[in-house]
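One-letter residues, chain by chain:
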Amino acid sequence: MTTHSLYSQLPATDRLLRDPAFSLLVETWGRSRVLETLHQLQQTARTSIREQHSVPEWCDDWPAAVLSQLEHSEQRALRPVFNLTGTVLHTNLGRALQAESAVDAVAQAMRSPVTLEYDLDGARRGHRDRAIADLLCQLTGAEDACIVNNNAAAVLLMLAATASGKEVVVSRGELVEIGGAFRIPDVMRQAGCILHEVGTTNRTHAKDYAQAIGENTGLLMKVHTSNYSIEGFTKAVDEAELAAIGQDRNIPVVADLGSGSLVDLSQYGLPKEPMPQALIAAGVSLVSFSGDKLLGGPQAGIIVGKKALIAQLQSHPLKRALRADKMTLAALEATLRLYLHPEALADNLPVLRLLNRKAEAIHQQGVRLREQLNGRYADEFVVQVTACSSQIGSGSLPVERLPSAALTFMPFDGRGGRLEALAARWRSLPVPIIGRIYDGRLWLDLRCLEDETRFLEMVLQ
Ligand SMILES: *Cc1c(COP(=O)(O)O)cnc(C)c1O
C-alpha cells in the first residue's frame, strides 16, 4: 500500500467527533482536553506511517486510544507503592508512614481554618510552633523548641542564628555528608560560620576542643555520624563531656542528632539510638533531629534547647523562610501526642510497629503468601521464603540489621534478564511493588507488608 493510501485510513477529526463514544469522552473530560489528546495521537499515527509505513493497531479504536491516553495522563506522579526493599525509613519512598491520628489531623487542617497562629483565649503567644514546643518541652525536658522544614534546615538555622561570622568547633570524625548534598562544611559556609576542625578522623579528645576555643569561637558542635561508623582505634568526646566544656567556657554546645528517638528503642529489642532528652539532661544547649526518621512523623526539623537560644532562632529571618506549614505541624502534633501514651506506641506509631515485627511472624506471613502465589510463578521461578535482614534506613543505626524474612524469586534458567523483567512488571502495577535484586534473586522483604490482600491482588495480576 502506498504511504498516501495509509494516510487516507486516518479518519478526519470531524468524523471522529460525531462518534457517540467521543461525545461521552467530551462530557467526562472536557472538549479541549479530548481534542488535544486526539491531535497528539493523530500526530503519532502520522509519524508511524512516515517512518514505519504502517498504521498503528490502536487506530482501530480511536475512542479507546484517546481514553487510555487520558487515563494515563491522569496518573499521579506521587503514587502509593509497596515498600518491600527491606529499608523501613526509605528516603526515596517518603520515609516514615504516618499514624492514623496524624493523617486525620492533616485532613482536618486542610479542610478547615485552624488555630495556626491564633489563640482562642485571647492571649497572644507569638508564633506557630508554640503548642508543639510545649509538648516537646514536656517530652524532652527542654526549655523551648522550634520547628522548621527538615533537619537540614534546623542545622542551617542553628548555625546562622547563633554563630554567623564566628568559629564553630567540630571533630574531623564528624564532618558528615548526608544524602542529597548536605555536607557539614558546606552548611557551615552557607550559615556564614567558620569551620574549625579539631582532632583526627578516628580520634578526638576533650583537650582538642578546649584548646580550639578562642576569642571568636561561637559554638561547639557535635554531629551524629548517622550513616557510617568508625571502628577500631577510636575516641570521641560525648555530648555530656562537651557540654561541660562549653559551660565552663561559656560557649553554647549544639548537637545535630540526625534521627534521634524519643523512646529507648532497646526496650523493643532494637538497637539503642541517642535520645534528645538525654542530651538536654547532659546540658547540651540545642539539639536538632528529624521529624520523619525514627520519630515516625512528618518531614520536619525539630530543635529543642535553651530558651534564650530558641528565641534567637525564632526571631531570625531564616526562620520565616524555613518554617513548617500547617499540615506538617498538624501531623507533628498528633505524632508527638502518641508519645504521651508510651505503652501503646508500638501499636499506634507505624514506624515502631514495623521495626518491632519479629522475624518469626514475618516468616509465617511469607509461608502463607507463598502458598497463594506460587502457582502463578512456579513455571518460571523458584519461589522461597528466605531469611534476610532489614535495615532501619535514613542513616539511623547504619550498621545494625533486623532479622526478617523475604519472598525470593529465582529464575529456573538462571537468567538475570527474567529478574529485571519481573521487577519491571511489578513496578508497572497499579500499586507498584518495589523489591531488590541481589544474588541472582528478586527479594521482597515482608517486614513492611501490612496490606496482604491488596498485595495478593497485585502480585496475582
Ligand atoms: C538525616 C540527617 C540530617 C538531615 O535531616 P533531614 O530531616 O533529612 O533534612 C542531618 N544530619 C544528620 C546527622 C542526619 O542523620
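Computed from a predicted structure; not experimentally measured. (Residues numbered from 1 in each chain as written. Predicted model: local features only at pLDDT ≥ 70, side-chain atom pairs only at ≥ 80, totals over all residues. Heavy atoms only, no water.)

### A word on the site of the ligand
Put simply, the rule reads: Whether a residue is near a molecule or strand depends on its heavy atoms: it is near if one of them lies within 4 Å of it. Identification of polar contacts relies on pairs of N or O atoms within 3.5 Å, with a donor-acceptor requirement for protein atoms, meaning one able to donate a hydrogen and the other able to accept it, and with residues adjacent in sequence counted only if both atoms are side-chain atoms. Note on areas: these come from Shrake-Rupley sampling with a 1.4 Å probe, and a residue is covered only by the protein chains present in the view.
Neighbouring the ligand are Arg95, Asn150, Asn151, Ala152, Ile178, Phe182, His224, Ser226, Asp256, Gly258, Ser290 and Lys293. With respect to the ligand, the side chain of Arg95 contributes an N or O atom lying 3.0 Å from an oxygen atom. Here an oxygen atom of the ligand and a side-chain polar atom of Ser290 are 2.6 Å apart. Taken by itself the ligand offers 380 Å² of open surface, and the protein chains cover 93% of this.

### Things to note about the packing of helix α7 (residues 130-140) against helix α15 (residues 326-338)
Let me state the cut-off plainly: Note on method: axes are straight lines fitted to C-alpha atoms, helices fitted across the in-contact stretch only, with angles between N-to-C directions ranging 0 to 180 degrees. Comment: elements are numbered from the N terminus, with helices defined as DSSP H or I runs of at least four residues and strands as E runs of at least two. What sets the label is the angle itself: under 35 degrees gives roughly parallel, over 145 gives roughly antiparallel, 65 to 115 gives roughly perpendicular, and the rest give oblique. In this scheme, a crossing is called left-handed if the near helix is turned counterclockwise away from the far one by less than a right angle; it is called right-handed if the turn is clockwise. We call two residues contacting when some pair of their heavy atoms lies within 4.5 Å. Charged means Asp, Glu, Lys or Arg here, nonpolar means Ala, Val, Leu, Ile, Met, Phe, Trp, Tyr, Cys or Pro, and polar covers whatever is left, Gly included.
Taken N-terminus to C-terminus, the directions of α7 and α15 make an angle of 25 degrees; their axes are 10 Å apart at the nearest point. Classified by the interaxial angle, the pair formed by α7 and α15 is roughly parallel. Taken as a pair, α7 and α15 cross one another with a handedness that is left-handed. For the pair α7 and α15, contact is made by Ile132, Leu135, Leu136 and Leu139 and by Leu329, Leu332, Glu333, Leu336 and Arg337, respectively. The class makeup of the residues in the contact of α7 with α15 is 7 nonpolar, no polar and 2 charged.

### Some words on the sheet that holds strand β15 (residues 441-445)
Rules: Being paired, for any two strands, means DSSP has found at least two bridges between them.
If you trace the 4 strands from one edge of the open sheet to the other, you get β11-β12-β15-β14, paired in antiparallel fashion. Unpaired on one side and paired on the other, β11 (381-390) and β14 (436-438) mark the two borders of the sheet. Taking the axes of each pair of neighbouring strands and ignoring which way they run, one obtains an average angle of 35 degrees across the sheet. Here 4 bridges tie strand β12 (residues 402-411) to β15, and the two strands are oriented antiparallel to one another. Paired with Phe409 across the bridge in β15 is Leu442. Contacts between helix α18 (residues 359-377) and the sheet are confined to β11 and β12, with β12 contributing the most and set at about 15 degrees to the helix.

### A look at the environment of Ser390
Put simply, the test is: We call a residue buried when its accessible area falls under 20% of the maximum for its residue type, exposed when it is over 50%, and partly exposed in between, using a 1.4 Å probe and counting protein chains only.
If you trace the backbone, Ser390 turns up in strand β11. Accessibility expressed as a relative area gives 0% for Ser390, which makes it buried. When sequence neighbours within four positions are dropped, the list of residues in contact with Ser390 reads Gly86, Arg401, Leu402, Ser404, Asp445 and Arg447. Within polar-contact distance, the side chain of Ser390 engages the side chain of Ser404 at 3.3 Å. Separated by 2.9 Å, the side chains of Ser390 and Asp445 make a polar contact.

### Quick notes on the packing of aromatic side chains
Put simply, the test is: Pairing of aromatic side chains here covers Phe, Tyr and the six-membered ring of Trp, requires ring centres within 6.5 Å, and sorts the geometry by plane angle: under 30 degrees stacked, over 60 edge-to-face, intermediate tilted. We call a charge positioned over a ring when the NZ of a Lys or the CZ of an Arg lies within 6 Å of the ring centre and within 35 degrees of the ring normal.
By the definition in use, this model includes 7 aromatic pairs. Here the aromatic rings of Trp58 and Trp62 are separated by 5.3 Å at their centres, their planes lie at 80 degrees, and the arrangement is edge-to-face. With relative accessibility at 29%, the residue Trp58 sits in the partly exposed group. Every member of this aromatic cluster is reached through a ring pair, and the members are Tyr377, Phe381, Phe409 and Trp426. Sitting over the ring of Phe233, Arg203 keeps its end group 3.8 Å from the ring centre. The ring centre of Tyr438 lies 5.6 Å from the NZ or CZ of Arg436, which sits over that ring.

### Describing the nonpolar core
We count it as follows: Definition used in this section: a nonpolar core is a set of buried Ala, Val, Leu, Ile, Met, Phe, Trp, Tyr and Cys residues joined via side-chain atoms within 4.5 Å. Domain extents, as shown, originate in an automatic or database domain assignment.
Of all hydrophobic cores here, the largest spans 57 residues; its most connected members are Ile147, Val304 and Leu336. Broken down by element, this core gets its largest block of residues, 5 residues, from α7. Counting the residues that make up this core, at least three belong to each of domain 2 (82-91 + 353-460) and domain 3 (100-346). Not counting residues within four places of it along the chain, the set of residues in contact with Ile147 comprises Asp129, Ile132, Leu136, Ala300, Gly301, Ile302, Lys319, Arg323, Ala324, Leu329 and Leu332. Of all hydrophobic cores here, the second largest spans 31 residues; its members include Val148, Val176, Phe182 and Val254.

### Focus: the sheet that holds strand β7 (residues 217-223)
Spatially, β2-β10-β9-β8-β7-β3-β6 is the arrangement adopted by the 7 strands of the open sheet, whose pairing is mixed. Each edge of the open sheet is held by one strand with a lone partner, namely β2 (144-148) and β6 (194-198). Neighbour-to-neighbour, the strand axes of this sheet turn through a mean angle of 25 degrees, independent of strand direction. Sheet analysis places strand β9 (residues 286-290) next to strand β10 (residues 301-305), joined by 5 bridges and oriented antiparallel. Bridge pairing in β10 links Ser288 to Ile303. Contacts from helix α8 (residues 151-163) reach β2, β3 (167-171), β7, β8 (253-256), β9 and β10 within the one sheet, and its direction differs from that of β9 by about 160 degrees.

Geometric descriptors of this kind do not, in isolation, establish any biological role.
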